[in-house]
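Examination of the molecular architecture
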Number of protein chains: 4
Amino acid sequence: MTDWRNSGAYAAPAPFRLVAREAKPEGSVVDIRGVQVGGPEIVVMAGPCSVEGRDQLLTTATSVRASGARILRGGAFKPRTSPYSFRGMREEGLELLAWAGRETGMPVVTEVMDTRQVGTVSEHADILQIGSRSMHNYPLLEEVGNLTTKPVLLKRGMGATVEELLLAAEYILNKGNGRVILCERGIRTFENATRNTLDLNAIPILKRLSHLPVIVDPSHGTGHWWMVPAMCRAALAVGADGLLVEVHCNPQEALSDGPQSLHPDRFDQMMKELRAVAQSVGRTVAPAQSAEPTCSGGVWG
Amino acid sequence: MTDWRNSGAYAAPAPFRLVAREAKPEGSVVDIRGVQVGGPEIVVMAGPCSVEGRDQLLTTATSVRASGARILRGGAFKPRTSPYSFRGMREEGLELLAWAGRETGMPVVTEVMDTRQVGTVSEHADILQIGSRSMHNYPLLEEVGNLTTKPVLLKRGMGATVEELLLAAEYILNKGNGRVILCERGIRTFENATRNTLDLNAIPILKRLSHLPVIVDPSHGTGHWWMVPAMCRAALAVGADGLLVEVHCNPQEALSDGPQSLHPDRFDQMMKELRAVAQSVGRTVAPAQSAEPTCSGGVWG
Amino acid sequence: MTDWRNSGAYAAPAPFRLVAREAKPEGSVVDIRGVQVGGPEIVVMAGPCSVEGRDQLLTTATSVRASGARILRGGAFKPRTSPYSFRGMREEGLELLAWAGRETGMPVVTEVMDTRQVGTVSEHADILQIGSRSMHNYPLLEEVGNLTTKPVLLKRGMGATVEELLLAAEYILNKGNGRVILCERGIRTFENATRNTLDLNAIPILKRLSHLPVIVDPSHGTGHWWMVPAMCRAALAVGADGLLVEVHCNPQEALSDGPQSLHPDRFDQMMKELRAVAQSVGRTVAPAQSAEPTCSGGVWG
Amino acid sequence: MTDWRNSGAYAAPAPFRLVAREAKPEGSVVDIRGVQVGGPEIVVMAGPCSVEGRDQLLTTATSVRASGARILRGGAFKPRTSPYSFRGMREEGLELLAWAGRETGMPVVTEVMDTRQVGTVSEHADILQIGSRSMHNYPLLEEVGNLTTKPVLLKRGMGATVEELLLAAEYILNKGNGRVILCERGIRTFENATRNTLDLNAIPILKRLSHLPVIVDPSHGTGHWWMVPAMCRAALAVGADGLLVEVHCNPQEALSDGPQSLHPDRFDQMMKELRAVAQSVGRTVAPAQSAEPTCSGGVWG
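Here's what I pulled together on the structure shown here. The numbering scheme is per chain: residues are counted from 1 as the chain's sequence reads. Here the convention is simple: chains get letters from A, ligands get numbers from 1, in the order in which they are written. Under the rules for a predicted model, residues below a pLDDT of 70 receive no local features and side-chain atom pairs below 80 are neither given nor counted, while totals for whole chains, interfaces and linings still include all residues. To obtain the side-chain values, all non-hydrogen atoms of the structure were included, while hydrogens and water were left out.

**Some words on the overall build of chain A**
Each helix and strand in chain A was counted, giving ten helices and eleven strands. Only C-alpha atoms enter the radius of gyration; for comparison, a globular chain is expected to reach 2.2 Å times N to the power 0.38, where N is the number of residues. Compactness check: chain A gives a C-alpha radius of gyration of 18 Å against a globular reference of 19 Å for 301 residues, within 12% of the reference. If you line up chain A on its principal axes, its C-alpha atoms span 60 × 45 × 40 Å. Throughout this description, buried means an accessible area under 20% of the type-specific maximum (1.4 Å probe, protein chains only), exposed means over 50%, and partly exposed covers the range between. When each of the 301 residues of chain A is scored for burial, the buried share is 69%. Contacts are residue-level and defined by heavy atoms, with any inter-residue pair within 4.5 Å sufficient. Put simply, of all contacts in chain A between residues at least 6 apart along the chain, 71% involve residues at least 24 apart. Working definition of accessibility: Shrake-Rupley area with a 1.4 Å probe, residue cover restricted to the visible protein chains. Entry remark: accessible area of chain A is about 9,300 Å², with carbon and sulfur atoms responsible for 47%. His is not counted here, nor are the chain ends, while Lys and Arg score as positive and Asp and Glu score as negative. Just so you know, the charge point we use is NZ for Lys, CZ for Arg, CG for Asp and CD for Glu. A distance of 2 Å separates the average location of the 31 positive side-chain charges in chain A from that of its 32 negative side-chain charges. Think of it this way: any DSSP run of H or I at least four residues long counts as a helix, any run of E at least two long counts as a strand, and we number them from the N terminus.

What follows is the structure in structure tokens.
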């Protein structure tokens with residue numbers, strides 16, 4: 001392990017090559033059907049932790065779209081600490097997510113947990129997410145590097161250093177897929193006021209060491225919905241290229257992670273604040289859309 | 001230890017009373033000779049890690065004052081991990097610091113490490129700093145609560161939880177001194193890309209649980225000067241009431257903490273950025289002053 | 001996450017069922033071709049970090065067998081932080097390991113990293129190891145629970161709590177494979193004197209909460225060969241049912257983890273010490289065998 | 001901070017001098033009125049967390065003495081996280097402790113928290129304890145180095161590295177007091193099954209790097225009385241020179257730290273086990289004394 005602490009960090013000979021800033025000094029932009037992550041716009045990805053059903057998903061998707069989200073998130077295959085927890089709607093969830101993305105005009109991002117699912121998930125998702133628990137799953141990293149050219153959202157392991165995150169990305173690039181987005185989502189520390197300790201220090205370090213875009217997930221990073229707006233503002237100010245935010249129409253009845261999910265009204269209010277902060281650092285957040293529902297199912301009526 | 005993680009945090013019965021938000025829902029403002037911490041203005045405290053000499057100190061003080069700093073920081077009694085490191089100019093440093101504060105019209109903040117020094121430090125300093133290593137020094141907390149009415153800047157211990165920081169502040173208020181400013185300065189984690197892990201999550205939690213003002217020290221929190229501007233922007237966006245920043249005219253020759261000290265030119269540039277971020281969250285940072293030196297010693301000529 | 005700290009730990013309603021001590025109060029014994037883990041004998045598993053070649057492997061295997069090891073360890077598929085590191089001899093390594101096990105009369109344990117390899121690894125290995133980086137790989141846990149009845153050695157994730165380790169084991173038992181051995185191998189902390197912080201506290205907790213056997217890997221847990229004998233003695237004294245130790249005939253030229261590998265001579269000396277400690281807690285370690293080589297390849301001659 | 005992890009640890013140029021093993025290769029023995037810490041005998045220090053009263057103290061002291069403890073521990077000045085917790089009997093507690101030590105023929109160890117108390121505590125105590133929260137209190141370290149020649153028991157800070165512990169000891173030796181005993185008592189980690197994570201890895205490292213004796217406090221290190229015997233056995237096996245154990249006649253009504261205090265009966269049983277483990281590593285633990293009470297107050301009658 002390189003000790004950045006002593007060596008002055010940024011000056012040490014890096015153990016990675018393809019992800020290094022030197023390989024692409026101007027920075028990478030990952031384009032997802034016209035949405036660009038790593039450019040001047042800070043891209044907000046939002047949606048429920050889990051896909052729970054047709055109505056729940058479309059209502060949330062329509063709402064976050066109206067508030068300015070550009071990409072829809074939703075879990076179909078859920079890694080859960082206990083085998084007895086709700087583990088997602090799986091293939092059915094994938095299909096619902098893709099449908100909701102089409103209905104609302106948003107690309108979708110969802111997690112892939114198993115090398116054997118990479119093909120299936122690639123068919124339905126626009127971005128493949130590698131979750132925190134899978135960051136060290138090297139066969140999976142190689143499979144998403146090898147089997148697909150779709151973008152990969154790679155989350156930092158909750159026990160992983162910044163350097164290990166970059167080396168995990170190197171596995172993917174080394175197999176030929178250069179469209180990787182890094183994601184800080186909190187690390188394990190002794191502090192128990194938060195679910196994890198969202199490590200915003202990682203953003204300037206990753207931007208300095210690597211050309212890859214970096215986004216932040218404050219929902220998992222803190223575990224408290226009431227902290228999400230403040231941490232989103234900080235993420236923008238510190239230099240993140242995007243956000244990943246959990247939104248649920250009825251957080252208290254969410255099948256997973258309710259306590260960290262924002263209600264759409266609060267999400268909308270937060271997006272307004274974020275536009276001001278983005279501007280103060282010379283960037284933008286997409287404007288709110290017409291609130292008129294785009295779905296055919298009459299969910300809003 | 002209260003487990004905020006499970007209990008929904010903010011709802012748990014708190015083990016502190018005097019520092020609790022409920023005791024003063026509108027929030028505390030600490031006034032230091034007209035500079036208000038906890039009000040609409042975000043107060044920047046800046047200066048060298050250690051007071052090293054007359055010229056070094058006045059040059060830096062004049063410069064940070066010109067860039068908009070409101071309070072001068074400087075170490076006279078330095079807690080050092082090794083007994084063989086430079087440990088400060090002590091009484092002479094205190095006098096120099098007070099002098100530089102008068103010359104530049106800034107209140108000064110400096111650390112007190114020993115119960116027996118509280119009287120002396122109180123005579124020269126406008127704010128008494130309790131350092132990270134002393135947060136658990138209960139006799140010292142009681143002494144600054146008891147012996148002085150000067151404001152106290154209380155830094156979080158590098159191995160202390162947010163709750164323990166609040167209980168340390170409770171010690172001070174319990175002895176009668178209510179003018180306490182809390183300071184997040186980084187915690188110990190497994191991540192070694194930074195000297196400490198600056199925990200910005202602490203800010204919204206502290207603001208929710210307590211009425212006390214909260215500032216952030218990104219110099220110690222990261223250990224890298226090049227990270228300081230980004231983390232300062234984030235600190236403002238997340239809701240901090242102030243910043244504590246190390247600035248040195250010649251960081252490479254600083255007697256302590258050079259690698260984390262900003263050069264005055266970079267500090268000046270950072271202050272411009274911070275004004276924009278502060279405005280985006282409805283607050284202000286003091287404007288730059290005339291760059292004309294105020295010192296009598298002709299340091300700049 | 002259950003907070004054992006506050007609740008008195010052992011008394012809290014556990015989120016696991018099949019692995020709970022209550023499900024089998026007398027404790028589980030896992031039998032691997034006559035070697036029993038969880039019984040009165042403390043079982044030592046030893047061998048090189050990686051299978052590097054025929055001679056290296058047989059020399060080491062013969063030697064550890066002579067010193068009293070009962071099971072041969074060796075990596076064929078190696079999870080490595082960098083894609084550019086040596087990643088094992090793979091299928092060829094598996095075959096060599098199985099061969100060396102037959103030659104020396106020892107069951108073999110090796111890591112499986114990919115759901116698609118479970119079948120192949122099961123054919124050659126007597127125990128399937130789930131490594132630290134895979135503890136949260138739920139599809140893999142289910143596959144070793146489902147597809148094989150061979151014993152599984154489940155290592156604690158370097159960022160995982162004791163409770164999460166037990167829930168990972170629950171995934172395996174829940175799919176029908178009850179032959180699980182838990183392994184403590186060090187966690188991530190701020191301390192950088194060791195590669196990881198071997199957490200021996202986990203042993204009495206795991207033994208209290210669960211009926212599964214527990215072993216300790218001090219090689220990965222500390223990263224320093226010279227610490228291994230002391231930590232092995234401690235592991236026996238604290239109640240571990242076995243040890244997993246890296247031994248290499250030429251540690252300075254090992255293709256992986258040389259600095260934490262014991263030379264066979266030191267391993268032999270350590271085994272003598274361990275017999276005394278085992279006896280002091282009412283257990284045994286297998287006696288040294290005849291030092292005469294059992295291999296047919298004439299490696300020693 | 002020296003990175004022992006990469007540099008091969010033990011070979012790096014050490015930042016300490018007086019405490020280094022090289023300064024006294026044969027190791028230091030600290031003699032406390034005939035009880036030798038650092039010699040062949042493993043010394044057990046036991047007693048209540050806090051001195052609560054005459055009977056409580058003498059009963060416990062008599063009992064642990066009968067079981068083989070050689071030194072009596074007891075807190076008079078108690079550092080507590082909350083100002084509202086019981087903070088000790090202070091001067092009265094010191095006098096009671098010294099009295100109980102005389103009555104039972106044991107030297108006593110108690111904590112000193114404040115530079116201004118060093119004189120008073122030195123008058124009553126045979127060993128001055130510097131607690132975990134004070135390890136970084138450099139004025140206090142210098143005061144116990146300067147003002148007294150009595151032995152100092154220096155506990156590792158809960159957020160401090162092994163190197164920092166050694167540098168804290170260096171402060172004391174540098175002021176002229178060479179009679180320092182180091183104590184591992186658990187560090188802060190993400191694991192919440194224990195109050196702290198007792199880091200037994202520290203023992204072989206400290207013994208390699210320094211000539212000072214090292215003891216272990218499993219009561220604070222784990223926070224659970226039922227873990228104490230197992231961790232004590234491990235501490236002996238790993239090479240500790242002594243133990244510091246909390247014992248209370250009525251743990252459920254203890255004014256502090258009841259959940260981690262052993263009942264005297266369990267302590268007695270543990271001591272028997274420890275004699276066997278000590279013997280297995282070539283050392284001894286003092287034999288049980290006559291169970292006949294030595295106190296004059298008729299507590300047992």
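After presenting the structure, the write-up continues.
**Details of the packing of helix H10 (residues 264–280) of chain C against helix H10 (residues 264–280) of chain D**
Geometry is summarised by axes, namely lines fitted to C-alpha atoms with helices restricted to the contacting stretch, and by angles between N-to-C directions that run from 0 to 180 degrees. It is the contact of H10 of chain C with H10 of chain D, at a shortest axis distance of 8 Å, that shows an interaxial angle of 170 degrees. Relative to H10 of chain D, the element H10 of chain C is oriented roughly antiparallel. Mapping the contact onto sequence places Ala276, Val277 and Ser280 of chain C in H10 of chain C and Ala276, Val277 and Ser280 of chain D in H10 of chain D. Amino acids outside the nonpolar list (Ala, Val, Leu, Ile, Met, Phe, Trp, Tyr, Cys, Pro) and the charged list (Asp, Glu, Lys, Arg) are all regarded as polar, and Gly is one of them. A class-by-class count of the residues in the contact of H10 of chain C with H10 of chain D yields four nonpolar, two polar and no charged. By the definition adopted for this analysis, an angle is roughly parallel if under 35 degrees, roughly antiparallel if over 145, roughly perpendicular if from 65 to 115, and oblique otherwise.

**A closer look at the pairing of strand S3 (residues 41–47) of chain D**
The two faces of the sheet receive side chains in turn, since in a regular strand these alternate between them. Residue and element names in this part refer to chain D. Judged by how many residues are buried, S3 sits mostly within the fold: seven of seven residues are covered. Side chains Glu41, Val43, Met45 and Gly47 project from S3 onto one buried face, and the interleaved Ile42, Val44 and Ala46 project onto a second face that is buried too. A pair of strands is treated as paired once DSSP finds two or more bridges between them. Alignment of S3 against strand S11 (residues 284–285), held across two bridges, turns out to be parallel. Of the residues in S11, the one forming a bridge with Glu41 is Thr284.

**Structural notes on the relation of the copies chain B and chain A**
The superposition of copies rests on a least-squares fit of C-alpha positions from residues with pLDDT of 70 or more in both. Overlaying chain B on chain A yields an RMSD of 0.0 Å, the required transformation being a rotation through 180 degrees with an accompanying axial translation of 0.0 Å. Interpreted geometrically, this transformation is the action of a two-fold axis. Nearest to the rotation axis, the C-alpha of Ala234 of chain B is located 2.1 Å from it, this being the minimum over chain B. A share of 100% of interface residues in chain B that are also interface residues in chain A marks the association as one of identical surfaces.

**Looking at the interface of chain B and chain A**
At the junction of the two partners, chain B supplies 45 residues and chain A supplies 45 residues. Buried area, as used here, totals the accessible surface that two parts lose on assembly, with accessibility defined by a 1.4 Å probe and the loss added over both. Here chain B packs against chain A, burying approximately 3,800 Å² in sum over the two surfaces, 66% of which is carbon and sulfur. When the buried surface of chain B facing chain A is broken down by residue, Phe190, Asn192 and Trp226 of chain B rank first, second and third, together holding 19% of it. For this document, the term salt bridge refers to a Lys or Arg side-chain nitrogen within 4 Å of an Asp or Glu carboxyl oxygen. Across the salt bridge formed by Glu191 of chain B and Arg156 of chain A, the nearest N and O atoms sit 2.7 Å from each other. Any pair of N or O atoms that falls within 3.5 Å is considered a polar contact. Within protein, one atom must be able to donate a hydrogen and the other to accept it, and sequence-neighbouring residues count only if both atoms are side-chain atoms. One can count eight residue pairs in polar contact (both at pLDDT 80 or more) joining chain B with chain A. For the side of chain B that touches chain A, the secondary structure elements donating two or more residues are helix H1 (4–7), helix H7 (202–209), helix H9 (228–238) and helix H10 (264–280) of chain B. Looking at the side of chain B that touches chain A element by element, the count peaks at six residues for H9 of chain B. For the side of chain B that touches chain A, a count of residues per class yields 25 nonpolar, eleven polar and nine charged.

**Description of the environment of Ile187 of chain D**
Mapping Ile187 of chain D onto the fold places it in the loop between strand S8 (180–184) and helix H7 (202–209). Judged by its relative accessible area of 1%, Ile187 of chain D falls in the buried class. Taking C-alpha positions, Ile187 of chain D is 11 Å from Ala202 of chain D, a pair spaced 15 residues apart along the chain. Other than its neighbours up to four places away in sequence, Ile187 of chain D contacts Thr189 and Phe190 of chain C together with Arg156, Gly157, Met158, Ala160, Asn196, Thr197 and Asp199 of chain D.

**So, unusual backbone geometry**
Despite not being glycine, Arg33 of chain B shows a phi value in the positive range, around 45 degrees. By the element assignment, Arg33 of chain B lies in the loop between strand S1 (30–32) and strand S2 (35–37). With a phi angle near 55 degrees, Arg90 of chain D is a residue other than glycine that sits in the positive phi range. The residue Arg90 of chain D is located in helix H3 (residues 90–104) in this model.

**With respect to the pattern of salt bridges**
Evaluation of the coordinates by the stated rule reveals 64 salt bridges over all chains. One salt bridge connects Arg195 of chain A with Asp257 of chain A, and the closest N-O pair in it is separated by 3.0 Å. Taken as a pair, Arg195 of chain A in the loop between strand S8 (180–184) and helix H7 (202–209) and Asp257 of chain A in the loop between strand S10 (242–246) and helix H10 (264–280) lie far apart in primary sequence, 62 residues in all. A residue is classified by how much of its surface remains accessible, and Arg195 of chain A, at 32% relative accessible area, is partly exposed. A residue is classified by how much of its surface remains accessible, and Asp257 of chain A, at 19% relative accessible area, is buried. The salt bridge partner of Arg233 of chain D is Glu273 of chain D, with a shortest N-O separation of 3.1 Å. Here Arg233 of chain D, found in helix H9 (residues 228–238), pairs with Glu273 of chain D, found in helix H10; they are 40 residues apart in sequence, far enough to count as distant. Look at Arg233 of chain D and you get buried, because its relative accessible area is 16%. The class for Glu273 of chain D is partly exposed, based on a relative accessible area of 27%.

**Section: the packing of aromatic side chains**
Residue and element names in this part refer to chain A. Aromatic pairing here means that ring centres of Phe, Tyr or Trp (its six-membered ring) are within 6.5 Å. Orientation follows from the plane angle: under 30 degrees is stacked, over 60 is edge-to-face, and everything else is tilted. Counted by the stated rule, this structure contains four aromatic pairs over all chains. For the pair Tyr138 and Tyr171, a centre-to-centre distance of 4.5 Å together with 20 degrees between the ring planes defines the contact as stacked. Here the residue Tyr138 occupies a position in helix H5 (residues 138–146), and Tyr171 occupies one in helix H6 (residues 162–174), the gap between them amounting to 33 residues. Assessed through its relative accessible area of 3%, Tyr138 is described here as buried. By relative accessible area, Tyr171 is classed as buried at 1%.

**Observations concerning helix H3 (residues 90–104) of chain B**
Residues and elements named next belong to chain B. Taking 1.5 Å of rise per residue, the 15 residues of H3 would be expected to cover 21 Å, and the 21 Å separating its terminal C-alpha atoms lies within 8% of that figure. Listed in full, the buried residues belonging to H3 are Gly93, Leu94, Leu96, Leu97, Ala98, Trp99, Ala100, Gly101 and Thr104. Taken from the residues just after H3, Gly105 is the one with a positive phi, measuring 70 degrees. To estimate the expected span of a helix, subtract one from its residue number and multiply by 1.5 Å.

**Some words on the packing of H9 of chain B against H10 of chain B**
All names here are of chain B. Running from amino to carboxyl end, H9 crosses H10 at an angle of 20 degrees, the nearest separation of the two axes being 9 Å. Considering the angle they form, H9 stands roughly parallel to H10. In this structure, H9 meets H10 at a crossing whose hand is right-handed. Residues Val228, Pro229, Cys232, Arg233, Leu236 and Ala237 of H9 form the contact with H10, whose participating residues are Met270, Glu273, Leu274, Val277 and Ala278. Should the near helix be turned counterclockwise from the far one by less than a right angle, the crossing is left-handed, whereas a clockwise turn marks it as right-handed.

**A look at H7 of chain D**
Residues separated by three or four positions in an α-helix point in the same direction, a consequence of the helix having 3.6 residues per turn. The buried fraction of H7 of chain D is high, at six of eight residues. If you check which residues of H7 of chain D are buried, you get Ala202, Ile203, Pro204, Ile205, Leu206 and Leu209 of chain D.

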